[in-house]
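Structure assessment
What follows is the residue order along each chain.
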Amino acid sequence: MADETQEAGGVHFPFPFTPYAIQKDFMAALYQVLEAGKIGIFESPTGTGKSLSLICGALSWLRDFEQKKRQEEERLLEAGAPTSSDGLAPALGPPSSCQGSPGTPEATGEPDWITQFVQKKEERDLVDRLKRQEDEETERLLRLSREMLAAGTEPEQVASGEEELVLAEYESDEEKGVPSGVDVDEDDLDEEHVTKIYYCSRTHSQLAQFVHEVQKSPFGQDTRLVSLGSRQNLCVNGDVRKLGSVQLINDRCVEMQRSKHERKSITEEEEPTRRRRRQEPRATCPFYSHERLQLLRDEVLAGVKDVEQLVALGKEARACPYYGGRFAIPAAQLVVLPYQMLLHAPTRQAAGIRLQGQVVVIDEAHNLIDTITNIHSIEVRGSQLCQAHSQLLQYTERYGKRLKAKNLMYIKQLLYLLEKFVAVLGGNIKQNPNTQNLSQAGTELKTINDFLFQSEIDNINLFKVRRYCEKSKISRKLLGFTERYGAVLVPSMEQPKLSGFQDFLQSLQPGATAAPATPAEAGEDLSPRPASPLMHVEGFLEALTTANQDGRVILSRQGSLSQSSLKFLLLNPAVHFAQVVKECRAVIIAGGTMQPVSDFREQLLAGAGVEAERVVEFSCGHVIPPDHILPLIICSGPSNQMLDFTYQKRGLPQMMDETGRILCNLCNVVPGGVVCFFPSYEYQHQVCAHWEKSGLLARLTIRKRIFQEPKKANRVEQVLLEYSRCIKHCGQARGTETGALLLSVVGGKMSEGINFSDDLGRCVVMVGMPYPNIMSPELQEKMAYLDQTLPRAPGQARPGKALVENLCMKAVNQSIGRAIRHQKDFASIVLLDQRYASPAIQAKLPAWIRDRVEVKATFGPAFAALRKFHREKAGLS
């Protein structure tokens, strides 16, 4: 159908076909949120055209915004009013509702001035005391480093090609007087960033699908869109791509760019010195040409392209798609990128993304809180700590005489930190982590400050150490060192046969001197090596600079030191989301199943300083007719066994028998495919083993062929293909076998991102309620944190308990949302557990299910309703 222009709320929305009424409502609400500069939580069930609604609603607003801005500029120019330095009128900023920031007296209330004064004085005294201690420690370390250098001989000459491995002289930002920040590429132009929309989603396939929707939309020809991705996805240099590891590809790319810039910056005075060293020239990337990148940028902006098309274009133009996309950001109107690139501030800054005054749309955002938490939580194993220490020690032994005092000082601090991290786990840095058994086993949880004191590193300025690691690129130097000298690699538990193991063992013996590293032999295994373990440690050090109340450190002692770990757990994701909502004009958090939304409001937005008035919620129903869905809550089975799948009772034989009898009955009346979700892989296997012994499994196979979700991700596609073929074959054969039964797991590969449309999912069954493990130390600490920080409304459950219920129901909603994918689809949804009958639990279901759900106390009426529903719908399939 030709493109049509629809009007909703007084705004014209171009659309590729006549939209559903709920799509019009969605676009109108979205437009108003963007215009008012608010934060929107949008829920639109899968199959309702959410992507097109987002595209046409947001780009219609951007069209009108740009038009208003041009009109304002013309008016000011005609009136002779002052404009900005680039000749344009000042950009239209967000409305006043965006301007407030957390911490203002208006938002927080006026604190008691005496208490505030005392607190401030104590803080100043503590800072002064720590500063004196730090200065004394720094001076002592510098003095020792200088004495060590003075006592040594002249620096020895390094081998050809080794010069790049030696750390350059380090100057802190305080000494250089420059602001902190990431390295700036000299070829990056400081262009003005036009007002744009940043769209992000979870997976590469979801982003590609969104770009294809843009291409098909009325905006496909006129929108300047750029798709961003990792170097791993965008690199066209074959020599770099074959490194395999994301970190190795990143490091090699950065090194090649630095090599190019260093060549440009060689002065006449330095040239003779370089000739004397006879250094072999380092490789530069042939795809990094400023002229070709500018041409590629223009091509990128000339038409809408996904990542695959961008890579093909880069190969054809012999220009890097990764940097070509970065160059295109300032002029782009729509930037499509993965979650991590937007939600992780250093990555965002390195990519050249500026959020000030822009619009951010976060799609598939049901797991947004967990995503932010996981991005900023990091675990480092004991084997990695020992490996980093060994590598750093041998690096210092080889190049120590060529390093300046400040480099040596920070390396000593890093070695000290690594030693103390191993010690706090109960290990010894000088012994092999694989054979080093710990006297104590178990999990211990600490506040950040307690961990720093217990580790005896509270006197070290971690901010400066982290800054040194960032600026000196020491982990990349170590990576190059280990690539050249394979003997310094310490084998981890996963790689027990790496070269140099015997040398490492010898070097760790007390009093032994490490054997000098030798270049890797020609013909040695050149398979991709793991990234430098120091990089993991750097991430952990960065996490330790988080405010004490916002995170915890988990010490996990598991038998051997190699298996043990230190993990930083982020408790307050709002601290990392705050900058996004503060800088952006508007933020849209969208998904197919966003219920319950209280988590977003309380944990993420309120904690980020967003006032309640700035948050707008929008939820629409489904496009299917009301009689195309039958959601049932069944409280008891065919033998009147009460359905109680609590952890204590779900393993009872009678409970597993009743579940099998229910499925046998369902499979007799439901055509096509039945998808049954269990709370865990373990419980699924337990039930199947019981059914096999009791004969229930054989009864099930009379009507449905049984498939089980595999644990291994690489087998999921094959199982789905066989499941689909079986249902298609049964539909054509019309025999006693009427389809297939797929036994899946909540939170597994089948519960998200898989569409069971039409005959693939005529019935979705949820066995029990998938509550998370309440005994998990991480979950317990998160619950305690919420109980302490969030207010408890009268008559409501504690925030910690509400968190557990919300996590459970989000998982349920994601799983049952796999069915009903388009307007003519139909399915039944069966929730097996009496606990679903609670009004409080039902309130957390999506509105389009909640409004139609029926509670059946006994199985007879439930089975009759299911049989009637599928008989009536049989002619539609």
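Focus: helix α17 (residues 382–399)
- The terminal C-alpha atoms of α17, which comprises 18 residues, lie 26 Å apart, in line with the 26 Å expected from a rise of 1.5 Å per residue.
- Of all 18 residues in α17, 15 are buried; the element is thus mostly enclosed.

Comments concerning the environment of E213
- Structurally, E213 can be placed in helix α6 (residues 204–216).
- A residue is classified by how much of its surface remains accessible, and E213, at 18% relative accessible area, is buried.
- In this structure, the C-alpha to C-alpha distance between E213 and S51, residues 162 residues apart in sequence, is 7.2 Å.
- Residues contacting E213, with those up to four places away along its chain left out, are S51, L52 and I55.

Some thoughts on helix α20 (residues 462–472)
- Here α20 has its buried residues at L462, V465, R467, Y468, C469 and S472.
- Positioned one or two residues after α20, K473 has a phi angle of 60°, which is positive.

Things to note about the sheet that holds strand β17 (residues 739–745)
- Spatially, the seven strands line up as an open sheet ordered β16-β17-β15-β18-β19-β14-β20, and their pairing is parallel. Sheet topology places β16 (704–708) and β20 (854–856) at the edges, where each strand pairs with a single neighbour. Sheet twist, expressed as the mean angle between neighbouring strand axes with direction ignored, is 20°.
- With seven bridges connecting them, strand β15 (residues 672–678) and β17 associate as parallel partners. Paired with F677 across the two strands is S744, which belongs to β17.
- Its contacts with the sheet place helix α27 (residues 681–694) against β15, β16, β17 and β18 (763–767), and it is angled at close to 135° to β17.
- Across the sheet, helix α31 (residues 799–816) touches β15, β18 and β19 (827–832), and the angle it forms with β18 is around 160°.

With respect to the environment of V587
- Residue placement: V587 occurs in strand β12 (residues 586–591).
- With residues near it in sequence (within four places) discarded, V587 still touches K38, I39, G40, V360, F577, V580 and V581.

With respect to the packing of helix α26 (residues 653–669) against helix α34 (residues 859–873)
- Between α26 and α34, whose axes approach to 9 Å, the crossing angle comes to 25°. Taken together, the axis directions place α26 and α34 in an arrangement best described as roughly parallel. As for how α26 packs across α34, the hand of that crossing is right-handed. Facing I662, N665, L666 and V669 of α26, the residues of α34 in contact are F859, F863, L866, R867 and H870.
- For the contact of α26 with α34, the residue count by class is six nonpolar, two polar and one charged.

Here we look at the packing of aromatic side chains
- All told, the structure shown has 22 aromatic pairs when counted by the stated rule.
- Measuring from ring centre to ring centre gives 6.2 Å for Y723 and F756, while their planes differ by 90°; the resulting arrangement is edge-to-face. With Y723 in helix α29 (residues 716–733) and F756 in the loop between β17 and β18, this pair connects stretches of sequence that are 33 residues apart.
- Using a relative accessible area of 1% as the deciding quantity, one classes Y723 as buried.
- Residue class for F756 comes out buried when judged on its relative accessible area of 2%.

Some points on the state of the cysteines
- One pass over the full model with this rule turns up zero disulfides.
- The thiol sulfur of C235 is not disulfide-bonded, and the nearest other cysteine sulfur, from C285, lies at 6.5 Å.

Description of the nonpolar core
- If you look at the biggest cluster of nonpolar residues, it comprises 66 residues, and the most contacted ones within it are I362, L368 and F577.
- Discounting residues that sit within four places of it in the chain, L368 has contacts with L343, I362, F577, I589, F600 and L604.
- V380, A388, I448 and V465 belong to the second largest nonpolar core, which has 51 residues in total.

Focus on the side chain of K446
- Along the polypeptide, K446 turns up in strand β9 (residues 442–447).
- Within the structure, K446 has its side chain in polar contact with the side chain of Q454 (distance 3.0 Å).
- Beyond its immediate chain neighbours, meaning those up to four positions away, K446 contacts F451, Q454, R552, V553 and L555.

Thoughts on the side chain of D363
- Within the secondary structure, D363 sits in the loop between β7 (359–362) and α16 (368–375).
- A distance of 2.7 Å separates the side chain of D363 from the side chain of K50, its partner in a polar contact.
- Within the local environment of D363, its side chain forms a polar contact with the side chain of Y199, the two groups lying 2.7 Å apart.
- When sequence neighbours within four positions are dropped, the list of residues in contact with D363 reads K50, S51, L54, Y199, C200, S201, Y339, A590 and G591.

So, the confidence of the model for the protein
- Averaged over the protein, the pLDDT score is 82; the fraction of residues at 70 or greater is 78%.
- Here helix α22 (residues 501–508) stands out as the least confident element of the protein, with mean pLDDT 36; β7 is the most confident, with 97.
- Note that pLDDT drops below 50 for residues 487–530; the model gives that stretch 75 contacts with residues more than four away or on any other chain.

Describing the pairing of β7
- Residues V359 and V361 of β7 are buried on one face, and the alternating residues V360 and I362, pointing to the opposite face, are buried as well.
- When strand β4 (residues 197–201) meets β7, the two strands line up parallel, connected through four bridges. What sits directly across from Y199, in β7, is V361.
- Bridge analysis of β7 against β12 gives four bridges, and the strand direction is parallel. Bridging from a neighbouring strand, V359 pairs with A586 of β12.

Remarks on the pattern of salt bridges
- Summed over all chains, the structure comprises 22 salt bridges.
- Put simply, E444 and K446 hold a salt bridge, and the shortest N to O gap is 3.1 Å.
- Looking at E444, the relative accessible area reads 25%, which means it is partly exposed.
- Here the salt bridges do not stand alone but share partners, grouping K50, D363 and E364 into one network.

Focus: the sheet that holds strand β13 (residues 615–619)
- Here we have seven strands laid out as an open sheet, ordered β5-β6-β4-β7-β12-β3-β13, and parallel in their pairing. With partners counted over all chains shown, the strands left at the sheet margins are β5 (225–227) and β13, one partner each. Averaged over all pairs of adjacent strands, the angle between strand axes in this sheet comes to 15°, irrespective of strand direction.
- Across five bridges, β4 lies against strand β6 (residues 334–338) in parallel orientation. If you follow S201 over to β6, its bridge partner there is P338.
- Against the sheet, helix α2 (residues 50–79) engages β4, β7 and β12, with an angle of about 165° to β4.
- Most of the contacts of helix α25 (residues 598–606) go to strand β3 (residues 39–43), to which it runs at about 150°, and overall it touches β3, β12 and β13.

Structural notes on unusual backbone geometry
- In this chain, Q595 is followed by P596 through a cis amide linkage whose omega measures -10°.
- Its location among the elements puts P596 in the loop between β12 and α25.
- Despite not being glycine, D758 shows a phi value in the positive range, around 50°.
- Locating D758 in the fold gives a position in the loop between β17 and β18.
- Within the chain, I820 stands out as a residue other than glycine whose phi angle is a positive 60°.

About the thresholds
Residues numbered from 1 in each chain as written. Predicted model: local features only at pLDDT ≥ 70, side-chain atom pairs only at ≥ 80, totals over all residues. Heavy atoms only, no water. Helix = DSSP H or I, 4+ residues; strand = E, 2+ residues; numbered from the N terminus. Expected span 1.5 Å × (residues − 1). Buried < 20%, exposed > 50% of the residue type's maximum accessible area, 1.4 Å probe, protein only. Contact = heavy atoms within 4.5 Å. Pairing = 2+ DSSP bridges. Axes fitted to C-alpha atoms, helices over the stretch in contact; angles between N-to-C directions. Parallel < 35°, antiparallel > 145°, perpendicular 65-115°, else oblique. Left-handed = near helix turned anticlockwise from the far one by under 90°. Nonpolar A, V, L, I, M, F, W, Y, C, P; charged D, E, K, R; others polar. Phe/Tyr/Trp six-rings, centres within 6.5 Å; stacked < 30°, edge-to-face > 60°. Disulfide = S-S within 2.5 Å. Core = buried A, V, L, I, M, F, W, Y, C linked by side-chain atoms within 4.5 Å. Polar contact = N/O pair within 3.5 Å; in protein donor to acceptor, adjacent residues only side chain to side chain. pLDDT = per-residue confidence, 0-100. Salt bridge = Lys/Arg side-chain N within 4 Å of Asp/Glu carboxyl O.

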